[in-house]
Amino acid sequence: MAVYVMGIPSQLKVAACLPVGSPPYVQQQIIEGVEKGYLHTGFEVELWTQVYLELASITAHKNSSELVQLVGTEPPELISMKLEDIVLALKNSSIDIGFCGLYQKPDLENSFDFAPVHALSGLQAIVKYSRQPTIA
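Residues numbered from 1 in each chain as written. Predicted model: local features only at pLDDT ≥ 70, side-chain atom pairs only at ≥ 80, totals over all residues. Heavy atoms only, no water.

Moving on, we come to a nonpolar patch on the surface. On the surface, Phe43, Leu47 and Val51 cluster together into a nonpolar patch covering about 240 Å² of accessible area. If you trace the backbone, Leu47 turns up in helix α1 (residues 43–60). Owing to a relative accessible area of 37%, Leu47 belongs among the partly exposed residues under this scheme. (Patch = residues over 30% accessible without salt bridge, like charges linked within 9 Å, V, L, I, M, F, W, Y side chains within 5 Å. Areas by Shrake-Rupley, 256 points an atom, 1.4 Å probe, with all protein chains shown as cover. Salt bridge = Lys/Arg side-chain N within 4 Å of Asp/Glu carboxyl O. Helix = DSSP H or I, 4+ residues; strand = E, 2+ residues; numbered from the N terminus. Buried < 20%, exposed > 50% of the residue type's maximum accessible area, 1.4 Å probe, protein only.)

See the structure below:
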């Protein structure tokens, strides 16, 4: 029998980089009538929403009231933070998850687990070939 009670707020602390953001990964969408005046949007926000829904579903079927209390049945509100504050908050465990279009860098690899790479762009640039120099 699954433990599933509606209306339990998540205890997870999740931060996204705003107000500046990191489009297209994290950004603000100004909305009239919304309490804060904006919504978090972007690829990482949408990905987190789907991950949370899956996590909540799995948690509900584990029959663990402790897990249900942590994960909740309602997604956590995203906390707006600057990138450097997200990194610091993750290091001191004041947030559980942070996203901001972060790059996996050697100085961060020893402190954090990174999600798999979302995309490889394959972007290439081309220029017109000329035997004569065009820049003097």
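On inspection of all chains with the given rule, the structure shows 1 disulfide. In this model, Cys17 is linked to Cys100 through a disulfide, with the two sulfur atoms separated by 2.0 Å. Where Cys17 bonds to Cys100 through sulfur, the torsion about that S-S bond is close to 95 degrees, and the disulfide is right-handed. Here the residue Cys17 occupies a position in strand β1 (residues 14–17), and Cys100 occupies one in the loop between β5 (97–99) and α4 (106–109), the gap between them amounting to 83 residues. The same class applies to Cys17 and to Cys100, which are both buried. (Disulfide = S-S within 2.5 Å.)

For the rest of this paragraph, the subject is the sheet that holds β5. Strand order in this open sheet of 3 strands is β4-β1-β5, and the pairing throughout is parallel. Whereas interior strands pair on both sides, the edge strands pair on one side only; in this sheet they are β4 (78–81) and β5. Strand-to-strand twist across the sheet, computed as the mean angle between neighbouring axes with direction ignored, equals 30 degrees. Bridge count for β1 against β5 is 3 bridges, and the pairing is parallel. From the neighbouring strand, Val14 faces β5, where its bridge partner is Ile97. The sheet contacts of α1 involve β1, β4 and β5, and relative to β5 the element is tilted by about 150 degrees. (Pairing = 2+ DSSP bridges. Axes fitted to C-alpha atoms, helices over the stretch in contact; angles between N-to-C directions. Contact = heavy atoms within 4.5 Å.)

The subject of this paragraph is the environment of Pro116. Among the structural elements, Pro116 can be located in the segment after α4. As for Pro116 and Gln104, which are separated by 12 residues in sequence, their C-alpha atoms are 9.9 Å apart.

With that settled, consider the packing of aromatic side chains. Overall, the coordinates contain 1 aromatic pair when judged by the stated rule. Between the aromatic rings of Trp48 and Tyr52, the centroid separation amounts to 5.9 Å while the plane-to-plane angle is 55 degrees, which identifies the pairing as tilted. Taken together, the residues span about one helical turn, with Trp48 and Tyr52 both in helix α1 at a distance of 4 residues. Comparing Trp48 with Tyr52 shows no difference in burial state: the two are buried. (Phe/Tyr/Trp six-rings, centres within 6.5 Å; stacked < 30°, edge-to-face > 60°.)

Treat this as a map of the structure, not an account of what it does.
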